[in-house]
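# Topology and contacts: notes
Below are the chains, spelled out letter by letter.
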Amino acid sequence: MIKSTPKYIPKTDKIKTWELSRRNFIKGSLALAALSQLQLLASCTADFVENTILNKEEYQLLLSVQNILFPKDSVGPSAKEINAHLYFIWTLSDEKILKSDKKYALDGIRWIQETAQEDYQTNYLKLSNKQQKELIKNVSEKKWGENWLSYMMTFILETMVSDPIYGFNKNRIGVKWLAHQYGLPRPNVKTKYPEIFKTIAKNEE
């Protein structure tokens, strides 16, 4: 039995933005996911990618939650197809990210696991797709859950408009779906983040 930990909402102006811009979108996505007869995109059997942020169980849980929030359908791609999980890991691996933001993102993964234990007395990954969707829907109705899921949606939406040079959103799948236009000039090997700092420093020598 996993010991329940206190769930919180960060004291930051970002939360207000997440609430206003993603609240209805998330609830709509969850409703569609619950009604959809499509299976999730093999979220619990995807190959584990070695990283220093998530262990294998956390990695699979993140994949599942992201694909419940943003499943593949006849209109657009899934979170997994645009590699939102890899963007999540890449972002949290950035030394410049606020420790509080990183902690909040990772704490939420643990809270989802704890909720599965509390509501179903088992590991989240052992739940059926239907149970996982029900759990996430129930979590979205709690204040802490609504905010954390909004934070997760931020990662997904940022992935969708990311430049393929970073290794996510391959073949511009998300950009094409959104009919998004990249700003110019687009990044290259020397000007992409975080290499751009090295390029600037070298040019100032």
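Residues numbered from 1 in each chain as written. Predicted model: local features only at pLDDT ≥ 70, side-chain atom pairs only at ≥ 80, totals over all residues. Heavy atoms only, no water.

### Remarks on the pattern of salt bridges
Basically, it comes down to this: A pairing counts as a salt bridge when a side-chain nitrogen of Lys or Arg comes within 4 Å of a carboxyl oxygen of Asp or Glu. Helix and strand definitions here come from DSSP, where helices need a minimum of 4 consecutive H or I residues and strands a minimum of 2 consecutive E residues; each element is numbered from the N-terminal end. We call a residue buried when its accessible area falls under 20% of the maximum for its residue type, exposed when it is over 50%, and partly exposed in between, using a 1.4 Å probe and counting protein chains only.
Counted according to the given criterion, the structure contains seven salt bridges. Across the pair Lys-7 and Glu-114 runs a salt bridge, and its minimum N-O distance is 3.6 Å. Of this pair, Lys-7 sits in the segment before α1 (13-35) while Glu-114 sits in helix α4 (residues 99-120), placing them 107 residues apart in sequence. For Asp-107, the salt bridge goes to Arg-110, with nearest N and O atoms at 3.1 Å. Of this pair, Asp-107 and Arg-110 are both found in helix α4, three residues apart, which corresponds to roughly one turn of the helix. Assessed through its relative accessible area of 37%, Arg-110 is described here as partly exposed. Taken together, the shared-partner salt bridges connect Lys-7, Lys-103, Asp-107, Arg-110 and Glu-114 into one network.

### Some details on unusual backbone geometry
In this chain, Leu-184 is followed by Pro-185 through a cis amide linkage whose omega measures 0 degrees. Turning to its location among the elements, Pro-185 is positioned in the loop between α7 (173-178) and α8 (195-204). In this model, Tyr-193 is joined to Pro-194 through a cis peptide bond whose omega is 0 degrees. Looking at the secondary structure, you find Pro-194 in the loop between α7 and α8. One non-glycine residue, Gln-121, lies in positive phi territory at about 55 degrees. If you trace the backbone, Gln-121 turns up in the loop between α4 and α5 (129-140).

### Considering the packing of α4 against helix α6 (residues 143-160)
To be explicit about the condition: Between the N-to-C directions of two axes lies an angle of 0 to 180 degrees, each axis being a line fitted to C-alpha atoms and, for a helix, fitted only over the stretch in contact. Our angle categories are set so that under 35 degrees counts as roughly parallel, over 145 as roughly antiparallel, 65 to 115 as roughly perpendicular, and the remainder as oblique. For a crossing to be left-handed, the near helix must be turned anticlockwise from the far one by less than a right angle; the clockwise case is right-handed. Residue contacts follow a heavy-atom distance rule, with two residues in contact if any of their heavy atoms lie within 4.5 Å. Amino acid classes used here: Ala, Val, Leu, Ile, Met, Phe, Trp, Tyr, Cys and Pro are nonpolar; Asp, Glu, Lys and Arg are charged; the rest, including Gly, are polar.
Contact pair α4 / α6: the axes reach a minimum separation of 10 Å and the direction vectors enclose 120 degrees. By the angle between their axes, α4 is oblique relative to α6. The hand of the α4/α6 crossing is left-handed. Contacts between α4 and α6 pair Asp-101, Tyr-104, Ala-105, Gly-108, Ile-109, Trp-111, Ile-112 and Thr-115 from the former with Trp-144, Asn-147, Trp-148, Tyr-151 and Met-152 from the latter. A class-by-class count of the residues in the contact of α4 with α6 yields nine nonpolar, three polar and one charged.

### Quick word on a nonpolar patch on the surface
Where we set the bar: A patch is a set of surface residues, each over 30% in relative accessible area and not in a salt bridge, joined within 9 Å for like charges and within 5 Å for the nonpolar side chains Val, Leu, Ile, Met, Phe, Trp and Tyr. The Shrake-Rupley method, run with a 1.4 Å probe sphere, supplies the accessible areas, and residue values consider only the shown protein chains as cover.
Taken together, the side chains of Val-75, Val-161, Trp-177 and Leu-178 define a hydrophobic patch exposed on the protein surface, amounting to about 340 Å² of accessible area. Structurally, the position occupied by Val-75 is in the loop between α2 (56-69) and α3 (84-92). Taking the relative accessible area as the measure of exposure, Val-75 reaches 60% and is therefore exposed.

Just distances and angles here, no functional claims.
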